[in-house]
Amino acid sequence: MTTYVGFLRAINLGATRKFPKEAIVAATEGARFSGVATHINTGNVRLETAMRSRARIEAALEKAYLADRGFAVPTIVYRADELAEVAADADRFGDGHEGKHYVWLLKEEPTATVRDDLEALSTDQERVRLSTRAVHLLLDGGYLDATLLKPVEKQIGVATNRNATVIRALVQKWC
């Protein structure tokens, strides 16, 4: 059995997209995954499976979540070692950075052109760096004041973001 960490996108926002931790666990177990656990109520789920195809795992989870909730829940899955690599990149990219650090977790790896375009967006106050399937945004100011949020999101496809502290906590807890 391999350990995976899934990231659910756009849940617990507003009154109509509620998906409590207990319901995430039940729906994930109902899709025949084992070792299921959640971390805080922002759509982080640990699971184990013998399946090896990330696309198949994501499809199975998305089908189960749609059936349970009645709305689509895009899900991005990483093997534990892949997530540990994202956290190591966060440490490397953030070394010496005193501001905020957010990580977009991507469903698909960006093309070389998209990677170059994203990194070219960097300014002195907002820096963009890329891991294999993650985009790191290092901010000197606040998240809501960031000017690169929309330009980055426009190019990355299906993704969800977490701050680097949550990524590190998940790696420490589950990987």
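For the structure itself, look to the data block above.
Let me sum up the structure you'll find in this document. Bear in mind that the values here come from a model prediction, so they are computed numbers and not experimental data.

What counts, and where the lines are drawn
Residues numbered from 1 in each chain as written. Predicted model: local features only at pLDDT ≥ 70, side-chain atom pairs only at ≥ 80, totals over all residues. Heavy atoms only, no water. Helix = DSSP H or I, 4+ residues; strand = E, 2+ residues; numbered from the N terminus. Contact = heavy atoms within 4.5 Å. Axes fitted to C-alpha atoms, helices over the stretch in contact; angles between N-to-C directions. Parallel < 35°, antiparallel > 145°, perpendicular 65-115°, else oblique. Left-handed = near helix turned anticlockwise from the far one by under 90°. Nonpolar A, V, L, I, M, F, W, Y, C, P; charged D, E, K, R; others polar. Buried < 20%, exposed > 50% of the residue type's maximum accessible area, 1.4 Å probe, protein only. Pairing = 2+ DSSP bridges. Arc of directions from axis to C-beta. Polar contact = N/O pair within 3.5 Å; in protein donor to acceptor, adjacent residues only side chain to side chain. Core = buried A, V, L, I, M, F, W, Y, C linked by side-chain atoms within 4.5 Å.

Some remarks on the side chain of threonine 3
Position of threonine 3 among the secondary structure elements: in strand β1 (residues 2-8). Apart from residues no more than four positions distant in its own chain, threonine 3 is found in contact with Arg46, Leu47, Glu48, Tyr78, Arg79, Ala80 and Trp174.

Thoughts on the packing of helix α1 (residues 21-30) against helix α2 (residues 54-69)
Look at α1 against α2: their axes get within 9 Å of each other, and the N-to-C directions meet at 125°. Relative to α2, the element α1 is oriented oblique. For the pair α1 and α2, the sense of crossing is right-handed. For the pair α1 and α2, the contacting residues are Ala23, Ile24, Ala27 and Thr28 in the first and Leu61, Ala64, Tyr65, Asp68 and Arg69 in the second. Taken together, the residues of the contact of α1 with α2 break down into 6 nonpolar, 1 polar and 2 charged.

With respect to the pairing of strand β3 (residues 44-49)
Across the 6 residues that make up β3, a large majority, 5, are buried. Counting the residues in the hairpin turn of strand β2 (residues 34-38) and β3 gives 5 residues, including isoleucine 40, whose phi is positive at 40°.

Some thoughts on helix α6 (residues 164-174)
Taken together, the buried positions of α6 are Ala164, Val166, Ile167, Leu170, Val171 and Trp174. Viewed end-on, α6 has its buried residues packed into an arc of 160°, placing them on one side of the element. Every exposed residue of α6 that faces more than 90 degrees away from the buried side is listed here: Thr165 and Gln172. Each element contacted by the buried residues of α6 is listed here: β1, β2, β3, α3 (80-94), β5 (100-106) and β8 (159-163). Capping the start of α6 is the job of one residue whose side-chain oxygen sits 3.0 Å from the backbone nitrogen of threonine 165: asparagine 163.

Focus: the nonpolar core
In this structure, Leu8, Phe19, Leu47, Ile57 and Tyr65 are the most contacted members of the largest nonpolar core, which totals 19 residues. Contributions of two or more residues to this core are made by β1, α1, β3 and α2. At 4 residues, α1 tops the list of elements feeding residues into this core. Setting aside residues no more than four positions away along its own chain, leucine 8 makes contact with Phe19, Ile24, Thr42, Gly43, Val45, Tyr65, Val73, Pro74, Thr75, Thr160 and Arg162. Counting 17 residues, the second largest nonpolar core, distinct from the first, contains Tyr78, Val86, Leu105 and Val166.

Quick notes on the sheet that holds β8
Taken in spatial order, the 4 strands line up as β6-β7-β5-β8 in an open sheet, and their pairing is antiparallel. Each having just a single partner strand, β6 (126-130) and β8 make up the two edges of the open sheet. Going from strand to strand, the sheet's axes swing by 20° on average, the running direction of each strand aside. As paired elements, β5 and strand β7 (residues 134-139) share 6 bridges and run antiparallel to each other. Across the sheet, residue lysine 100 finds its bridge partner in β7, namely leucine 139. Helix-sheet contacts for α3 involve β5, β6 and β7, and the interaxial angle to β7 is about 30°.

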